[in-house]
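# Inside the fold
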Amino acid sequence: MLKLANQVIVLDRLNINGHLHRLSRELQITVGHDEDRLTLSNEEFGLLVSAPTLEEGIAGISDELSMLWEVYVADNPANLTRDALRLRSNLKSLVAAGAGS
């Protein structure tokens, strides 16, 4: 059986909490192939989604980022640890200032 090499796709737009945002910087997603499913991942944010199609995988990545946004960006930063504040800053760097908050 032929095994396909992992590929990297770059997202320039992302649906966060129901709003489509143009990203301030590219978000690289690694796409792996495993039999009849795709595995999409991003090391920077610890994202991992398994889906039958690329479209469903990207939707899953958006859902995971929306959840992270709710927990780390929409919440009061005073409640966050140093590592969580770093993640918050990285998440905010994806979206233009003032968007999605």
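Bear in mind the structure is a predicted one, so any value in this text is a computation, not a measurement.

On to the overall build of the protein. Looking only at helices and strands, the protein features 2 helices and 4 strands. Taken from the N to the C terminus, the helices and strands of the protein come in the order β-β-β-β-α-α. Summarising its shape, the C-alpha atoms of the protein cover approximately 50 × 25 × 20 Å along the three principal directions. Among the 101 residues that make up the protein, the fraction classed as buried is 33%. Taking all contacts inside the protein whose residues are at least 6 apart in sequence as the whole, residues at least 24 apart take part in 34%. Summed over all atoms, the accessible surface of the protein reaches about 6,500 Å², with 50% contributed by carbon and sulfur. Charge-centre separation for the protein: the mean point of 9 positive side chains lies 10 Å from the mean point of 14 negative side chains.

Let us now look at unusual backbone geometry. It is generally the case that most residues other than glycine have a negative phi and that most peptide bonds are trans. At glutamate 35, a residue that is not glycine, the phi angle is positive and equals roughly 55°. Here glutamate 35 is to be found in the loop between β2 (19–34) and β3 (37–42).

Before going further, it helps to examine the pairing of β3. Because side chains alternate across β3, one face comprises the buried residues Leu38, Leu40 and Asn42, and the other comprises Arg37, Thr39 and Ser41, none of which is buried. Here β2 hands over to β3 after 2 residues, with glutamate 35 in that stretch at a positive phi of 55°. With 5 bridges joining them, β3 and strand β4 (residues 47–51) adopt antiparallel strand pairing. When the bridges of β4 are listed, threonine 39 appears paired with serine 50. Between β3 and β4, which pair antiparallel in sequence order, lie 4 residues; one of them, glycine 46, sits at a positive phi of approximately 65°.

Moving on: the confidence of the model for the protein. When pLDDT is averaged along the protein, the result is 88, and 91% of the positions lie at 70 or above. Of all helices and strands in the protein, the one with the weakest mean pLDDT is strand β1 (residues 7–16) (88), whereas β4 scores best (97).

Right, let's get into the environment of glutamine 7. Looking at where glutamine 7 falls in the secondary structure, it is placed in strand β1. Residues glutamine 7 and leucine 40 lie 33 residues apart in sequence; the distance between their C-alpha atoms is 9.6 Å. With near-sequence residues (within four places) excluded, glutamine 7 lies in contact with Ile29, Thr30, Val31 and His33.

What follows deals with the sheet that holds β3. With antiparallel pairing, 4 strands are arranged side by side in an open sheet as β1-β2-β3-β4. Two strands lie at the open edges of the sheet, namely β1 and β4, each paired on one side alone. The mean angle between the axes of side-by-side strands here comes to 35°, regardless of whether they run parallel or antiparallel.

Residues Leu27, Phe45, Ile61, Leu65 and Leu91 are the most contacted members of the largest nonpolar core, which totals 21 residues. Going through the elements one at a time, β1, β2, β3, β4, α1 (54–73) and α2 (82–92) are the ones with two or more residues in this core. Each residue touching phenylalanine 45, except ones within four places of it in the same chain, is listed here: Arg25, Leu27, Leu65, Leu68, Leu87, Asn90, Leu91 and Leu94.

Rules used throughout
All residue numbers refer to positions counted from 1 along the written sequence of the respective chain. Given that this is a predicted model, residues contribute local features only at a pLDDT of at least 70 and side-chain atom pairs are listed and counted only at 80 or more, while totals for whole chains, interfaces and linings are drawn from all residues. Water and hydrogen atoms were dropped before computing side-chain values, which therefore reflect all heavy atoms in the structure. Only DSSP runs of H or I covering at least 4 residues are called helices, and only runs of E covering at least 2 are called strands; the numbering of each starts at the N terminus. Accessibility here uses a 1.4 Å probe with only protein chains present; expressed as a share of the type maximum, an area under 20% marks a residue as buried, one over 50% as exposed, and anything in between as partly exposed. The contact criterion used throughout is that any non-hydrogen atoms of two residues lie within 4.5 Å. What sets the accessible areas is the Shrake-Rupley method with a 1.4 Å probe; for residues, cover comes only from the shown protein chains. When charges are counted, Lys and Arg contribute as positive and Asp and Glu as negative, whereas His and the chain ends are disregarded. Lys charges are placed at NZ, Arg charges at CZ, Asp charges at CG and Glu charges at CD. Here the rule is simple: two strands pair whenever DSSP picks up at least two bridges between them. By definition, pLDDT measures how confident the predictor is in each residue, and it falls between 0 and 100. Helix axes are fitted to C-alpha atoms over the stretch in contact, other axes to C-alpha atoms as well, and angles between N-to-C directions run from 0 to 180 degrees. Side-chain atoms within 4.5 Å link the members of a nonpolar core, which is a set of buried Ala, Val, Leu, Ile, Met, Phe, Trp, Tyr and Cys residues.

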